[in-house]
Amino acid sequence: MTNVTLERPGAKYIFVPKRVFFEPDALHYRLGQQLYDRFKAEHIPVALTGSHNRVTGIPGRTPQEAFMEAKRTLVVGVRKGSEFQTCKPSAHYQLPLVTSCPGKCEYCYLLTNLGKKPYVRVYVNIEEILARALDYINQFLPRETIFEGTATSDPIPVEHYTGALKKAIEFFGRQSHARFRFVTKFTDVDLLLDAVHNGRTRFRFSLNSDYVIKKFEHGTPPLAERVAAAAKVAGAGYPVGFLVAPIMLYDGWQREYTNLFHQLNAALPPSTRQDLTFELITHRFTKRAKNTINEIFPGSELDMDEEARQFKYGQFGYGKYVYPKESMAEVKEVMAGLVSRFFPAARVEYLV
């Protein structure tokens, strides 16, 4: 990486892989060949793999080692298949630009969705993916079709390699019947500030209290840096949103989440206030997730006491442990009150 790249705000959280695997077909695309040449020039080990879905050769003698090594592994592939996954209720479809994330959040649902080696995947056939998105848009005219770019990923840490997010933002900026949304914990946003978005991409940030970020969101920027990045994005005219999740209950949680809103209020420009969204999600876990978390993060201090939770079946047919009704009522009162107090014109998309 160049010195210029390293000097960008948020650059210390940029993903630099320890090893890279390429699908052979990826080298038939300009971006694939450019990335291959770049990693070779930077002396990062590269190898070929038969499929981006099944990669062997990632070291790790224990579940913890395998997980950490996977988080430092990049796989460059071709996104095959013409169908997009649905993404209800927040969007109509997922836009598959990236899979996984270099962050190491202990509670992340990708721990169970992506297996014990959640390596980062990028796709080089971006134009083909966007062309398929256009097919969906045209198919459902005159309905406005909404696409989610981060259902199973955080694309910001690899944007300096692919440019995929900027291409997607500018693609949707040209569409009169589609919108794009994505969320990130990362702060290297400068590459996207000059994108021609035309207000059709909602740039969302995942936030949490200082305690939760420091304790459980390993390898991600602190709250103050995320808030500063959000202010820059808002200044660039993007519609902005905030995902506050997972909301955790601990001694002093009300004070810390109030501080979060104080920081947002101090940083966001007035122009943002009339078109602001919040998504508020309390901490929950499944039995499978608990077992995986304890295996990968032995000694984790995540609150996963099943006796103190209420068991609830979710929309996808499996059960999860959520806060009991009394605790949920307090969370809803506190969090809805904070939104109303600091950002009265904002829209709460959901509080669960």
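Everything here concerns the structure above.
Residues numbered from 1 in each chain as written. Predicted model: local features only at pLDDT ≥ 70, side-chain atom pairs only at ≥ 80, totals over all residues. Heavy atoms only, no water.

S.K.: Go over the environment of S82 with me, naming the residues and quoting the values.
M.R.: Inspection of the secondary structure puts S82 in the loop between β3 (73-77) and β4 (93-94). Look at S82 and you get partly exposed, because its relative accessible area is 42%. Sequence separation of S82 and F311 is 229 residues, and the distance between their C-alpha atoms is 37 Å. Side chain to side chain, S82 and E83 meet in a polar contact 3.4 Å long. (Helix = DSSP H or I, 4+ residues; strand = E, 2+ residues; numbered from the N terminus. Buried < 20%, exposed > 50% of the residue type's maximum accessible area, 1.4 Å probe, protein only. Polar contact = N/O pair within 3.5 Å; in protein donor to acceptor, adjacent residues only side chain to side chain.)

S.K.: Let's hear about the packing of aromatic side chains: which residues, and what values?
M.R.: On inspection of all chains with the given rule, the structure shows 27 aromatic pairs. Among the aromatic residues, those joined into a ring-pair cluster are F84, Y93, Y136, F140, F147, F171, F172, F180, F182, F203, F205 and Y238. For R143, the ring lying beneath its charged end belongs to F140, and the centroid distance is 4.1 Å. Against the face of Y323 rests R309, its NZ or CZ located 3.9 Å from the ring centre. (Phe/Tyr/Trp six-rings, centres within 6.5 Å; stacked < 30°, edge-to-face > 60°. Lys NZ or Arg CZ within 6 Å of the ring centre and 35° of its normal.)

S.K.: I'd like to hear about the packing of helix α5 (residues 126-139) against helix α7 (residues 164-173), residue by residue, with values.
M.R.: At a closest axis distance of 11 Å, the pairing of α5 and α7 adopts a crossing angle of 30°. Here α7 runs roughly parallel to α5, going by the angle between their axes. Our pair here, α5 against α7, has a crossing hand that is right-handed. Residues I126, E127, L130, A133, L134 and I137 of α5 lie in contact with α7, whose contacting residues are A164, K167, A168, F171 and F172. (Axes fitted to C-alpha atoms, helices over the stretch in contact; angles between N-to-C directions. Parallel < 35°, antiparallel > 145°, perpendicular 65-115°, else oblique. Left-handed = near helix turned anticlockwise from the far one by under 90°. Contact = heavy atoms within 4.5 Å.)

S.K.: Summarise α5; cite the residues concerned and give the values.
M.R.: A rise of 1.5 Å per residue sets the reference length of α5, with its 14 residues, at 20 Å; its end C-alpha atoms lie 20 Å apart and thus fit the reference within 8%. Looking at α5, one finds that the buried residues are I126, I129, L130, R132, A133, Y136 and I137. What you see down the axis of α5 is that its buried residues fit within an arc of 155°, all on one side. (Expected span 1.5 Å × (residues − 1). Arc of directions from axis to C-beta.)

S.K.: Describe the nonpolar core, naming the residues involved and giving the relevant values.
M.R.: Counting residues in hydrophobic clusters, the biggest one holds 96 residues, and the most contacted among them are L95, F147, F180, F242, Y257, F278 and M335. In this structure, F147 is in contact with F84, A91, Y93, L95, A133, Y136, I137, F172, A178, R179, F180 and R181, ignoring residues within four places of it in sequence. Counting residues in hydrophobic clusters, the runner-up holds six residues, among them F21, I58, A70 and Y119. (Core = buried A, V, L, I, M, F, W, Y, C linked by side-chain atoms within 4.5 Å.)

S.K.: Account for the sheet that holds β3, naming residues and giving values.
M.R.: Pairing is mixed in the open sheet, where five strands are placed in the order β2-β1-β3-β7-β5. Two strands lie at the open edges of the sheet, namely β2 (46-48) and β5 (98-99), each paired on one side alone. Sheet topology note: the strand β1 (residues 19-22)/β2 ladder contains three bridges and is parallel. Its bridge partner lying in β2, F21 is registered against A47. Each of β1, β2, β3 and β7 (120-123) is contacted by helix α2 (residues 30-41), which is oriented at about 150° to β1, the strand it contacts most. (Pairing = 2+ DSSP bridges.)

S.K.: Tell me about the packing of helix α10 (residues 253-267) against helix α12 (residues 325-342), residues and numbers included.
M.R.: One way to put it is that α10 packs onto α12 with a least axis distance of 10 Å and a crossing angle of 20°. When the axis of α10 is compared with that of α12, the two are roughly parallel. In this structure, α10 crosses over α12, and the sense of that crossing is right-handed. Packed against α10, whose contacting residues are W253, Q254, Y257, T258, F261, H262 and N265, the element α12 presents E330, V331, V334, M335, L338, V339, R341 and F342 at the interface. Here the residues of the contact of α10 with α12 are counted per class, giving nine nonpolar, four polar and two charged. (Nonpolar A, V, L, I, M, F, W, Y, C, P; charged D, E, K, R; others polar.)

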